[in-house]
Amino acid sequence: MKIFLAGATGALGKRLTPLLVSAGHQVVGMGRTPHKADQLRAAGAEPVIADALDADAVMHAVKAARPDAVVHELTAISANLNLKKFDDQFALTNRLRTEGTQNLLAAAQAVGATRFVAQSYAGWPNSRTGGRVKTEDDPLAPDPPKSMRRSMDAIRQLEATVANAVGIVAIALRYGSFYGPGTSIGEGGEVIEAVRRRRFPVIGGGSGVWSFIHIDDAANATRLAIEHGQPGIYNIVDDEPAEVSSWLPTLAQAVAAKPPFRLPAWIGKLAIGEAGVSMMTSVKGSSNAKAKRILGWKLIYPRWRDGFRHGLALEPISTATLRTARVYN
Ligand SMILES: NC(=O)c1ccc[n+]([C@@H]2O[C@H](COP(=O)([O-])OP(=O)(O)OC[C@H]3O[C@@H](n4cnc5c(N)ncnc54)[C@H](OP(=O)(O)O)[C@@H]3O)[C@@H](O)[C@H]2O)c1
């Protein structure tokens, strides 16, 4: 299959490109930074440099590639995220989720591509009431904190664009929080460094439930969705949604840091605002049952606690490594 991968130079794109190539696919990898063309070539992709927010440039690039599938893995999140200004920090990412998705989908439809796969998020958009783990059928949060509303609208718009796509198999993958090589929860990543400096405290009891996914498991689920996923939304998360009060001390231990400090919610709110506190205290996790059933997806790291211990550093990825990978369960 010929695959047009927007975001090929990102954390996920870097792991997905060699995986697709080793599975026999031809990859045209799109990024926005000209000097990364060599990086794309080295990973086995044909490079294209274009701005995803420029509809004409995207149409031109996709028409030149004539792919069977178009994949959206774009984001523009700053390394040092200020959660107090959540929507402002996500403004460009929100445009990539709304305009970027429309540009890529329109181009995919124009060239007669048969498959379209776009990223979404499993975590803070989930409803914060009821059970601690949500499926794809559960409603998203109707009333997220005020500073997250524009970002929530962008997620809803992306998923609606995918759901209403005509003449193409369209899929949205709600990834959990990435960890592993190249991510903020990987060797050298911002979260790991903050945990090591004890600047990532448990706030307000840490009852927020997070769903994680190792970057290589996310890449492999994406490959399967591209190859044979049925239209719809899939949660791409591991088997064990976990409270902050559980995963954060375990992560600290895994990276040989001292245990995290604990702060009451009112102090947390001064430091990271309502959105940040909600991620520490009231968000809900997600179930991966649908992705396993329909995609036939098997995880290398079904449990984040094993992934935190064994999967934070860089190892090469290919379908051969995935076939022979030890499964940590
Ligand atoms: N990190 C998580 O925990 C998480 C969770 C759920 C969903 N996701 C989603 O999963 C996807 C992959 O995430 P990631 O961590 O791999 O992202 P990343 O490392 O930040 O990579 C972002 C990619 O988007 C490209 N890009 C950004 N703005 C662009 C523009 N205007 N035009 C063209 N390309 C542009 C970047 O190109 P350059 O390299 O040239 O800048 C890069 O290839 C994203 O859509 C993200 O929102 C992430």
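Our structure is the block above this text.
The structure reproduced in this document is the subject of the present report. Bear in mind the structure is a predicted one, so any value in this text is a computation, not a measurement.

Regarding the packing of aromatic side chains
Thought 1: Taken as a whole and assessed by the stated rule, the structure comprises 12 aromatic pairs.
Thought 2: Aromatic side chains Trp210 and Trp247 sit 4.8 Å apart centroid to centroid with 50° between the ring planes, which places their arrangement in the tilted category. One end of the pair, Trp210, is in strand S10 (residues 209-210); the other, Trp247, is in helix H9 (residues 244-254), and 37 residues separate them in sequence. Trp247 matches Trp210 in its accessibility class, with the two residues each being buried.
Thought 3: Counting every residue linked through ring pairs, the aromatic cluster contains Tyr179, Phe200, Trp210, Phe212, Trp247, Trp304 and Phe308.
Thought 4: Positioned above the aromatic ring of Phe261 is the side chain of Arg198, whose terminal nitrogen or guanidinium carbon lies 4.1 Å from the ring centre.

So, the site of the ligand
Thought 1: Around the ligand, a shell composed of 26 residues is seen, among which Thr9, Thr33, Lys36, Leu74 and Gln119 lie nearest.
Thought 2: One nitrogen or oxygen atom from the main chain of Leu74 is found 2.5 Å from an oxygen atom belonging to the ligand.
Thought 3: At 3.0 Å from an oxygen atom of the ligand is found a side-chain nitrogen or oxygen belonging to Arg97.
Thought 4: A total of 920 Å² of accessible area belongs to the ligand in isolation, and the protein chains cover 87% of it.
Thought 5: Every element with two or more residues in the shell around the ligand is listed here: helix H1 (11-22), strand S2 (26-31), helix H5 (91-110), strand S5 (115-121) and strand S8 (177-179).
Thought 6: Residues that form the shell around the ligand fall into these classes: 11 nonpolar, 10 polar and 5 charged.

With respect to the pattern of salt bridges
Thought 1: Overall, the coordinates contain 14 salt bridges when judged by the stated rule.
Thought 2: Between Arg150 and Asp88 there is a salt bridge, with its nearest N and O atoms 3.0 Å apart. Residue Arg150 is found in helix H6 (residues 149-163), and its partner Asp88 is found in helix H4 (residues 86-89); the two are separated by 62 residues along the sequence.
Thought 3: Residue class for Arg150 comes out partly exposed when judged on its relative accessible area of 47%.
Thought 4: Taking the shortest distance from any N to any O, the salt bridge between Glu227 and Arg223 comes out at 3.0 Å. Of this pair, Glu227 and Arg223 are both found in helix H8 (residues 215-228), 4 residues apart, which corresponds to roughly one turn of the helix.
Thought 5: A relative accessible area of 14% places Arg223 in the buried class.

Let's talk about the nonpolar core
Thought 1: Judged by nonpolar contacts, the single largest core of 39 residues is most densely connected at Trp124, Val195, Trp247, Leu251 and Phe308.
Thought 2: Residue assignment for this core shows that the elements contributing at least two residues are H6, helix H7 (190-196), strand S9 (202-203), H9, helix H10 (265-281) and helix H12 (304-310).
Thought 3: It is H9 that provides the largest number of residues to this core, a total of 5 residues.
Thought 4: If you look at the next biggest cluster of nonpolar residues, it comprises 31 residues, including Leu53, Ala76, Phe116 and Ile233.

Brief notes about the packing of H1 against H8
Helices that pack against each other are described as a pair by the angle of their axes relative to one another and the distance between those axes.
Thought 1: Between H1 and H8, whose axes approach to 9 Å, the crossing angle comes to 55°. For the element pair H1 / H8, the angle class is oblique. In the packing of H1 onto H8, the handedness of the crossing is right-handed. Where H1 approaches H8, its residues Ala11, Leu12, Arg15, Leu16, Leu19 and Leu20 are matched on the opposing element by Ile215, Asp216, Ala218, Ala219, Asn220, Thr222, Arg223 and Ile226.
Thought 2: Here the contact of H1 with H8 is built from residues that sort into 9 nonpolar, 2 polar and 3 charged.

Focus on the packing of helix H3 (residues 55-65) against H5
Thought 1: Their axes nearest at 9 Å, the elements H3 and H5 cross at an angle of 35°. Of the two elements, H3 crosses H5, and the hand of that crossing is right-handed. Mapping the contact onto sequence places Ala55, Val58, Met59, Val62 and Lys63 in H3 and Asn103, Leu104, Ala106, Ala107, Ala108 and Ala110 in H5.

Some remarks on unusual backbone geometry
Thought 1: One non-glycine residue with positive phi stands out, namely Arg66, at about 45°.
Thought 2: Of note, Arg66 is situated in the loop between H3 and strand S4 (69-72).
Thought 3: Notably, Ala256 is not glycine yet its phi reads approximately 60°, a positive angle.
Thought 4: Residue placement: Ala256 occurs in the loop between H9 and strand S14 (262-263).

Criteria and thresholds
- Along each chain, numbering runs from 1 in the same order as the chain's sequence is written.
- The predicted origin of the model limits local features to residues at a pLDDT of at least 70 and limits the giving and counting of side-chain atom pairs to 80 or more, whereas totals for whole chains, interfaces and linings rest on all residues.
- Side-chain measures were taken over the full set of non-hydrogen atoms in the model, leaving aside hydrogen atoms and water.
- The rule is short: rings of Phe, Tyr and Trp, with Trp giving its six-membered ring, pair when the centres are within 6.5 Å, and they are stacked under 30 degrees, edge-to-face over 60, tilted in between.
- Comment: elements are numbered from the N terminus, with helices defined as DSSP H or I runs of at least four residues and strands as E runs of at least two.
- For the exposure calls, accessible area comes from a 1.4 Å probe over protein chains only, and a residue counts as buried if that area is under 20% of its type's maximum, exposed if over 50%, partly exposed in between.
- Charge-over-ring placement is defined geometrically: NZ (Lys) or CZ (Arg) within 6 Å of the ring centre, and within 35 degrees of the ring normal.
- We call a residue near a molecule or strand whenever a single non-hydrogen atom of that residue lies within 4 Å of it.
- Polar contacts, as used here, are pairs of N or O atoms within 3.5 Å; protein pairs need one atom able to donate a hydrogen and one able to accept it. Residues neighboring in sequence count only if both atoms are side-chain atoms.
- Each accessible area value is a Shrake-Rupley result obtained with a 1.4 Å probe; residue values ignore everything except the protein chains displayed when judging cover.
- All amino acids are sorted into three groups, where Ala, Val, Leu, Ile, Met, Phe, Trp, Tyr, Cys and Pro are nonpolar, Asp, Glu, Lys and Arg are charged, and the leftover types, Gly among them, are polar.
- Whenever Lys or Arg places a side-chain nitrogen within 4 Å of a carboxyl oxygen from Asp or Glu, that contact is recorded as a salt bridge.
- Definition used in this section: a nonpolar core is a set of buried Ala, Val, Leu, Ile, Met, Phe, Trp, Tyr and Cys residues joined via side-chain atoms within 4.5 Å.
- Axes here mean lines fitted to C-alpha atoms, for a helix over just the part in contact, with angles spanning 0 to 180 degrees between N-to-C directions.
- Every angle not falling under 35 degrees, over 145, or within 65 to 115 is termed oblique; those three ranges are roughly parallel, roughly antiparallel and roughly perpendicular.
- By definition, any crossing whose near helix is turned counterclockwise from its far helix by less than a right angle is left-handed, and any crossing with a clockwise turn is right-handed.
- Only heavy atoms matter for contacts: two residues are in contact if any of them lie within 4.5 Å across the pair.

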